[in-house]
Structure formats: structure tokens, C-alpha cells
Amino acid sequence: MTGPLTWQSHSGEILDSAGEFDVIECEACRFKHVVPLPSPEELDAVYRQDYYSTEKPLYLERAAEDAEWWETVFSDRYDTLEELLPPTRRRLLEVGSGPGAFLAHGNKRGWRTLGVEPSHQAAEHSRSIGLEVVEEFLTPEIAGRLGQFDAIHASEVFEHLPDPRQMTSLLFDLLAPGGVACICVPNDYSPIQATLRSSGFAPWWLAPPHHLNYFDGDSLAQLLTGTGLEIVLREATFPIDLFLLMGMNYIGNDELGRRCHGMRKKLELNLAAAGRNDLKRNVYRKLAELNIGREVVVYAVKPNYGG
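A quick note: this is a predicted structure, and the numbers were derived from the prediction, not measured.

Parameters at a glance
Residues numbered from 1 in each chain as written. Predicted model: local features only at pLDDT ≥ 70, side-chain atom pairs only at ≥ 80, totals over all residues. Heavy atoms only, no water. Helix = DSSP H or I, 4+ residues; strand = E, 2+ residues; numbered from the N terminus. Rg over C-alpha atoms; globule rule 2.2 N^0.38 Å. Buried < 20%, exposed > 50% of the residue type's maximum accessible area, 1.4 Å probe, protein only. Areas by Shrake-Rupley, 256 points an atom, 1.4 Å probe, with all protein chains shown as cover. Lys, Arg positive; Asp, Glu negative; His and termini not counted. Charge placed at Lys NZ, Arg CZ, Asp CG, Glu CD. Axes fitted to C-alpha atoms, helices over the stretch in contact; angles between N-to-C directions. Parallel < 35°, antiparallel > 145°, perpendicular 65-115°, else oblique. Contact = heavy atoms within 4.5 Å. Nonpolar A, V, L, I, M, F, W, Y, C, P; charged D, E, K, R; others polar. Expected span 1.5 Å × (residues − 1). Salt bridge = Lys/Arg side-chain N within 4 Å of Asp/Glu carboxyl O. Pairing = 2+ DSSP bridges. Right-handed = clockwise from strand over helix to strand, strands pointing away. 1 Å grid on protein atoms, 1.4 Å probe; cavity = no way out; pocket = protein on both sides within 12 Å on 5 of 7 lines; lining within 4 Å. Points joined across faces, edges and corners; volume = space filled by probe spheres on them. Phe/Tyr/Trp six-rings, centres within 6.5 Å; stacked < 30°, edge-to-face > 60°. Lys NZ or Arg CZ within 6 Å of the ring centre and 35° of its normal.

> Lay out the overall build of the protein chain in plain terms, naming residues and giving numbers.
When helices and strands are counted, the protein chain shows twelve helices and twelve strands. Relative to a compact globule of 307 residues, whose C-alpha radius of gyration would be 19 Å, the protein chain shows 19 Å and is just as compact. For the protein chain, the spread of C-alpha atoms along the principal axes amounts to about 55 × 50 × 40 Å. The burial tally for the protein chain puts 51% of its 307 residues in the buried class. For the protein chain, the accessible area works out to roughly 14,100 Å², and carbon and sulfur atoms hold 53% of it. A distance of 7 Å separates the average location of the 29 positive side-chain charges in the protein chain from that of its 44 negative side-chain charges.

Structure follows, in C-alpha cells:
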């Protein structure tokens, strides 16, 4: 199906369809998302009980295999947060904290952390390793009980939300003046993906009803600045879909996908071991300018109007 589509307050050109869902370039939201959007009740059922057991049954096993690499990813993000904040400001909220590895890394660095996570399995694992987690979706009611934070981290969260604009407003209110938000989302409808589609690939990145929104660096930045945040840094992550252009078709092939991911890990770990982590980060910042990279990571500051 192609052409314009209107659903409730959303309207735009249909870009793709997947099952009962259409992806539109929404004129109201100014980012791509599916319609119809699932109800809160449907999402509650998916994320409280089913997500880690059904959709990500190997998550903890794979996280353990990748632990050394994940530590470098987390270190990059905390390094940036610490560069942007004075040393007295170390209170962090993670939205969608999963099994808690990012929070645990922060605790080791002296941060005071809190997670919000609706999945029972993930929240239970976090508590088992001594983390403080609120086992809920982040709603205005929950947010009103949490106070304010110096930093907020949300990785692989915004693509799942039925209303990212409401979430951005909540994060703005939860940030203390001068606080920093770090948001990571998949980078979809990218130039690499467009190139692969012209070569006959179907849009493998479409995953409704789990992925409802499809951002790139510009649309994510626009979402954040629309609430009053100021963008201070944009990075990409490794453009793993380059392997597809090189003939390594890992789509639907878990073994090959893990091999490609392993090469990506080796590249980044070798750069870190050689003392060239700064080179990696500079390359990824340049790639972000071209909208290249499998994910986009945006850091945004809440203005401190009091000076």
C-alpha cells in the first residue's frame, strides 16, 4: 500500500507495510512511525512478561558473552556525561534499564543510580545484583515521585514508545537544570539501508509491534529540541549493515550475525587496547554527520537559565 494515510491525529505518506501496520512519515510527529499504534493494554502485556522471555530469550547469555565490549560502550557514555557535568552531580536515572548492566557500571564509578523497567524478569535480575529499580513504565504519576536527576539514559527505548513526545517532556521535567540526557535509538531509513533496498533487500529493520518508531539523527534531535533540550553531541555506532553490502547476509542467520558482531567488537576493543578509543569516537561522530551507523546516540542538555 502506498499514498497518504490518516489515523487519528497522525497523517503522512506510507513508506512501508508490515503485517497489519503501515509506516508513515508523520507530519504531526515529524518522525516515522507505525499506524495503528498498539493500545497501552497491549504494550503492557508485551513488556511486563513476554519481552525478555519471548523476544529476547538469549539476552542475558549474549550480554555475558559481550560483557567486556559492553563495558567500553558504557564507559564512553559515562565519560561524556562526566565531561558535561561537574563532579558533584552524579545522580542518574535509566529509563528502560533492562537487566541493569549500565546502572551497575555507573555504581562502580561512584554514581547514584535508579532504573525504571517494566519487565518483571529484567527488574528481578537487576534487584538480584543490588540495584534499585522501579518495576513500572515511566508515567507522569511515577515520574512525579522520583525527583530530579543530573543525567538520564535511555538506550533502545524510544523506538518502542507509543508517544515519544510525552516521554521527552517527562525526561525534561526529570532533569535538573544543566542536566544531560543521553538517548540511543536505531538509525533507520539510513543511506546504507536505502542502498541495500535498491539492491533487492526488503526492509528487515521493520519490527512492529515492538518497534513503533523509526528515527534518524535529525528526527531524534528535533524531538528533543522540541521540548527545550539543547543538543551538544551526536554520535553513531558501528555501521554493521556494511557487512550486508560486502556480501555477508546475516539477516535471519544468527550464526553469521554473531560473527559480524564479533568482528565489530574486535575492532573496537583493539582500538581501546591501543589507547585509540578517541579515534573510534571521532570516526563515529563523523559518521553521524552523514547519518551512517546502526544507531544514533544524542546527548542533550537542559538549559540552566539561572546561570
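> I'd like to hear about the packing of helix α3 (residues 67–84) against helix α12 (residues 277–289), residue by residue, with values.
In a packed pair of helices, the relevant descriptors are the angle between the two axes and the axis-to-axis distance. Two elements in contact, α3 and α12, have axes whose closest approach is 12 Å; the angle formed by their N-to-C orientations is 80 degrees. The angle between the axes of α3 and α12 places the two elements in the roughly perpendicular class. Note on element contacts: α12 touches α3 through Asn277, Lys280, Arg281 and Arg285, opposite Asp76, Asp79 and Thr80. Looking at the contact of α3 with α12, its residues break down into no nonpolar, two polar and five charged.

> Describe in detail α3, supporting the description with residues and values.
In a regular helix each residue adds 1.5 Å, so 18 residues correspond to 26 Å; α3 covers 26 Å between its end C-alpha atoms and thus fits that length. Within α3, burial applies to Trp69, Thr72, Val73, Phe74, Asp76, Arg77, Tyr78, Thr80 and Leu81.

> An account of the pattern of salt bridges is requested, with residue identities and associated values reported.
Under the definition given, this model contains 19 salt bridges. With a closest N to O distance of 3.5 Å, glutamate 71 and lysine 108 form a salt bridge. Note that glutamate 71 is positioned in helix α3 and lysine 108 in helix α4 (residues 101–108), a separation of 37 residues in sequence. For glutamate 71, a relative accessible area of 27% puts it in the partly exposed group. Overall, the relative accessible area of 64% leaves lysine 108 in the exposed class. Taking the shortest distance from any N to any O, the salt bridge between arginine 264 and glutamate 268 comes out at 3.5 Å.

> Lay out the pairing of strand β5 (residues 91–95) with the relevant residues and their values.
With respect to burial, β5 is a largely interior element, four of its five residues being buried. Here β5 runs beside strand β6 (residues 112–116); their pairing, made up of five bridges, is parallel. Looking at the pairing, glutamate 94 lines up with glycine 115 of β6. Of the crossover connections in this fold, the one passing from β5 over α4 to the parallel β6 is right-handed. One ladder, built from three bridges, connects β5 with strand β8 (residues 149–155); its direction is parallel. In the sheet register, glutamate 94 faces β8, and the bridge partner there is histidine 153.

> A description of the sheet that holds strand β2 (residues 10–18) should follow, citing residues and the corresponding values.
The sheet built from five strands is open, its strands ordered β1-β2-β3-β4-β10 with antiparallel pairing. Unpaired on one side and paired on the other, β1 (3–7) and β10 (213–214) mark the two borders of the sheet. Pairing between strand β4 (residues 32–35) and β10: two bridges, direction antiparallel. Along β10, the bridge assignment pairs lysine 32 with tyrosine 214.

> Now, about empty space enclosed by the protein: what can you tell me, with residues and values included?
Counting across every chain of the model gives one cavity of 30 Å³ or more. Elements represented by at least two residues in the lining of the largest cavity include exactly β11 (230–236) and β12 (295–301). Taken together, the residues that form the lining of the largest cavity break down as four nonpolar, four polar and two charged.

> Summarise the environment of arginine 112; cite the residues concerned and give the values.
You can see arginine 112 is positioned in strand β6. Sequence-wise, arginine 112 and cysteine 29 are 83 residues apart; in three dimensions their C-alpha atoms are separated by 34 Å. Beyond its immediate sequence surroundings of up to four residues, arginine 112 is in contact with Arg90, Arg91 and Leu92.

> Kindly report on the packing of aromatic side chains, identifying the contributing residues and their values.
In the structure shown here, the tally under the stated rule is eleven aromatic pairs. Taking 4.7 Å as the distance between ring centres and 55 degrees as the angle between the ring planes, the aromatic pair formed by tryptophan 69 and tryptophan 70 counts as tilted. We classify tryptophan 69 as buried; its relative accessible area is 5%. Judged by centre distance (6.1 Å) and plane angle (65 degrees), the ring pair of phenylalanine 201 and tryptophan 204 falls under edge-to-face. For phenylalanine 201, a relative accessible area of 21% corresponds to the partly exposed category. Note on tryptophan 204: relative accessible area 23%, which makes it partly exposed. Directly above the aromatic system of phenylalanine 149 lies the positively charged group of arginine 91, at a separation of 4.0 Å from the ring centroid.

Remember that the coordinates give geometry; whether it matters functionally is a separate question.
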